[in-house]
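Structural features, examined
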Amino acid sequence: MTYVEDELNSQPECWIRAALEAPGYRDALPAPGERVAIVGCGTSYFMAQAIAALREGAGQGETDAFAASEFPHGRSYDRVLALTRSGTTTEVLELLRELRGRARTTAITADPHTPVMTAADQVVVLDFADERSVVQTRFATTAVTLLRAHLGLHTDAVVADAHTALAAELPQQLVACTQFTFLGRGWTVGLANEAGLKMREASLSWTEAYPAMEYRHGPISITTHGTATWMLGEAPEGLAQQVVATGGLWIEGGLDPLAELVRAQRLAVAVAAYRDLDPDRPRHLTRSVILAP
């Protein structure tokens, strides 16, 4: 078993622990009414998109998501929340240092022995969700679970769906597909983006991701036999029928969207195996992007 397989299989237990620990981090996490920006790079940026949409949708306050390198310094925020598994990502550390004294900052990380511990005002350490694989799985979803629990949006049903996502067989024809598109709505757009990234990283697949209502505005033109379109969350009316009419494979996301992301992670590993690739060592990637001065 690869590291990434072992790590993605441990997600239900990580989610349970994160939900239990969430109340202890109440002061470090965004309070109702705060104007918040959530930042990250790569997977963490896509998780930031999901969390921002969840928080604003829950009526907790204006919440934006940015790649750390694209943070708009002309805007004013009460708090900036940074996601960084490694605690060493250059763009995140530089941003936190620039924000010192200008906005309250919190970092969520997996490694308590890294520079982010002093770069942010407050730090949440999810070391039980750290990973050996370059490809992120459990840290990303555990961070989302922590914030869902903080917002009162986590339930035991989410964990049950995660167990289902790990146990159920993937549709056999999926592994042989040549192109994959992931769709989301609201907070699941970030999850769709992350599902696409997992496929690219682990299996070198041609993947795309879109807000579901945007799929009709051009991207559906690539759908045909040998392609798959996977919906995370509730699909817009009629879209499934339109995709099937093209000859493409439609995958309905019937589980909690975070559990559907687990299924997509499993698919990335399965396609990697099908193509004789090592998902623990993705091409041209490292665990953290550390830029030379």
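Structure first, text after, so check above.
Here the structure is a predicted model, which means the values were calculated and not measured.

**Considerations on unusual backbone geometry**
- Phi is positive for Leu204, close to 55 degrees, though the residue is something other than glycine.
- With respect to the helices, strands and loops of the structure, Leu204 is situated in the loop between helix H8 (188-203) and strand S7 (206-211).

**Considering the packing of helix H2 (residues 11-21) against helix H7 (residues 156-167)**
- Where H2 contacts H7, the two axes come as close as 9 Å, and the packing angle between them is 170 degrees. Looking at the two axes, H2 sits roughly antiparallel to H7. Facing Pro12, Glu13, Trp15 and Ile16 of H2, the residues of H7 in contact are Val158, Val159, Ala162, His163 and Leu166.
- Within the contact of H2 with H7, the residues separate by chemical class into 7 nonpolar, 1 polar and 1 charged.

**Comments concerning the side chain of Thr188**
- Within the secondary structure, Thr188 is located in helix H8.
- Setting aside its immediate chain neighbours within four residues, Thr188 contacts Leu232 and Pro257.

**A look at H2**
- Among all positions of H2, only Gln11, Pro12, Cys14, Trp15 and Ala18 are buried. Buried residues along H2 cover an arc of 160 degrees about the axis, so they all sit on one side.
- Each element contacted by the buried residues of H2 is listed here: helix H1 (3-9), helix H6 (138-150), H7 and helix H10 (257-274).

**A short note on H7**
- For H7, with 12 residues, the first-to-last C-alpha span of 17 Å sits near the 16 Å given by 1.5 Å per residue.
- What H7 keeps buried is the set Val158, Val159, Ala162, Ala165 and Leu166. Across the axial projection of H7, the buried residues extend over an arc of 110 degrees, all falling on one side. Of the exposed residues in H7, the ones pointing more than 90 degrees away from its buried face are Asp156 and Ala167.
- Turning to H7, the residues buried within the fold contact H1, H2, H6 and H10.

**Concerning the side chain of Thr137**
- Turning to its location among the elements, Thr137 is positioned in the loop between strand S5 (122-125) and H6.
- Classification of Thr137 as buried rests on a relative accessible area of 1%.
- Leave out the neighbours within four places in its chain, and Thr137 touches Val4, Glu7, Leu8, Gln11, Glu131, Lys198 and Gln265.

Definitions and cut-offs
Residues numbered from 1 in each chain as written. Predicted model: local features only at pLDDT ≥ 70, side-chain atom pairs only at ≥ 80, totals over all residues. Heavy atoms only, no water. Helix = DSSP H or I, 4+ residues; strand = E, 2+ residues; numbered from the N terminus. Axes fitted to C-alpha atoms, helices over the stretch in contact; angles between N-to-C directions. Parallel < 35°, antiparallel > 145°, perpendicular 65-115°, else oblique. Contact = heavy atoms within 4.5 Å. Nonpolar A, V, L, I, M, F, W, Y, C, P; charged D, E, K, R; others polar. Buried < 20%, exposed > 50% of the residue type's maximum accessible area, 1.4 Å probe, protein only. Arc of directions from axis to C-beta. Expected span 1.5 Å × (residues − 1).

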